[in-house]
Amino acid sequence: MGWAEWTNEVEIEPSLYASDFSRLGEQIEALRGAGATVFHFDVGDGHFIPEITIGPVVLASISPLVRGLRARLDCHLMVEEPERYFGAMAESGGDSVTFHVEACDEPARAIALARSLDLGVGVAFNPETSVEAAVAAADGADLVLCMSIHPGYSGQAFMPESLERISKLRSLLPDAVRVQVDGGINRETIRSAHEAGADLLVAGSAIFWSDDPAASYRALAAALEPARA
């Protein structure tokens, strides 16, 4: 099974890096009840991005819960030498890994390695990287992730120029390859990001920085609904 079987035509992915870790299991269960089927799991190494975030230990602790809820874990590796961590992500219960083209010398080899571990695979690119470079690196991938912020901290504002980049990305990729966007997705930006061509929409602070993440998730889905009609 892979992304085509895991997901709906459009997915809002809660980004667990923004969650309340003292209530992580509870929040995952509530968001699954609100309709989330894919959870975004950000890994930062303190080198590729300044922050050290969460890793395989946390992934292993939540993956049985996520699997039991019939949901999936989409692991975004904001790390140097990302291939070194594919095995740990697979062993800890991850379903897919996305690596940054800026951090990988041989994208084709990385994609093949992910496949050998029965992982889905995506290629991410930062705002300074051209869309064409990302597309060239993504042959054989399931998705391409267009960063709409500089990767790292949650709560950054969506970069308006990302809309043109998302649209260009969608036009250059095969129809079967998903377009993901991460950064600044909220009720004001989610519809325009989708209309530009993104069908995997990662949201962190817009969901978790509230008293009721499940209600915030449903509000995002409602804001997206006119684009689905």
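For the structure given in this document, a descriptive report is provided here. (Residues numbered from 1 in each chain as written. Predicted model: local features only at pLDDT ≥ 70, side-chain atom pairs only at ≥ 80, totals over all residues. Heavy atoms only, no water.)

Glancing now at the overall build of the protein. Check the secondary structure of the protein and you find ten helices and eight strands. Here the C-alpha radius of gyration of the protein, 16 Å, is about what a compact globule of 229 residues would show, namely 17 Å. Overall, the C-alpha framework of the protein stretches about 40 × 35 × 35 Å when taken along its three principal axes. Taken across its 229 residues, the protein has 56% of its residues classed as buried. Long-range contacts, defined here as pairs at least 24 residues apart, represent 64% of the contacts in the protein between residues at least 6 apart. Within the structure as shown, the protein displays about 9,700 Å² of accessible surface, and the carbon and sulfur contribution to it stands at 50%. Measuring between centres, the 16 positive side-chain charges of the protein sit 6 Å from its 34 negative side-chain charges. (Helix = DSSP H or I, 4+ residues; strand = E, 2+ residues; numbered from the N terminus. Rg over C-alpha atoms; globule rule 2.2 N^0.38 Å. Buried < 20%, exposed > 50% of the residue type's maximum accessible area, 1.4 Å probe, protein only. Contact = heavy atoms within 4.5 Å. Areas by Shrake-Rupley, 256 points an atom, 1.4 Å probe, with all protein chains shown as cover. Lys, Arg positive; Asp, Glu negative; His and termini not counted. Charge placed at Lys NZ, Arg CZ, Asp CG, Glu CD.)

All right, on to the pairing of strand 7 (residues 178-182) then. Counted residue by residue, strand 7 has five buried out of five residues, so it is predominantly covered. Along strand 7, one buried face is formed by Arg 178, Gln 180 and Asp 182 and the opposite face, lined by Val 179 and Val 181, is buried too. By the bridge criterion, five bridges tie strand 6 (residues 143-147) to strand 7 in an arrangement that is parallel. Bridging from a neighbouring strand, Leu 145 pairs with Gln 180 of strand 7. As judged from the three bridges shared by strand 7 and strand 8 (residues 200-203), these two strands associate in the parallel manner. Among the inter-strand pairings, Val 181 is bridged to a residue of strand 8, identified as Leu 201. In this view, the connection linking strand 7 to its parallel neighbour strand 8 by way of helix 8 (residues 190-196) has right-handed handedness. (Pairing = 2+ DSSP bridges. Right-handed = clockwise from strand over helix to strand, strands pointing away.)

On to helix 3 (residues 56-68). With 13 residues, helix 3 should cover 18 Å at 1.5 Å per step; its first-to-last C-alpha distance of 18 Å lies within 8% of that length. The largest bend along helix 3 reaches roughly 40 degrees and is located at Ile 62, with the proline Pro 64 sitting one to four residues downstream. Listing the buried residues of helix 3 in full gives Leu 59, Ile 62, Ser 63 and Val 66. Turning to helix 3, the residues buried within the fold contact helix 2 (24-34), strand 2 (38-44), strand 3 (72-78) and helix 4 (86-91). Of the residues one or two after helix 3, Arg 70 is the one with positive phi, at around 60 degrees. (Expected span 1.5 Å × (residues − 1). Bend = angle between axes of the 7 residues up to and from the residue.)

It is worth stressing that arrangement in space is one thing and function is another; only the former is reported here.
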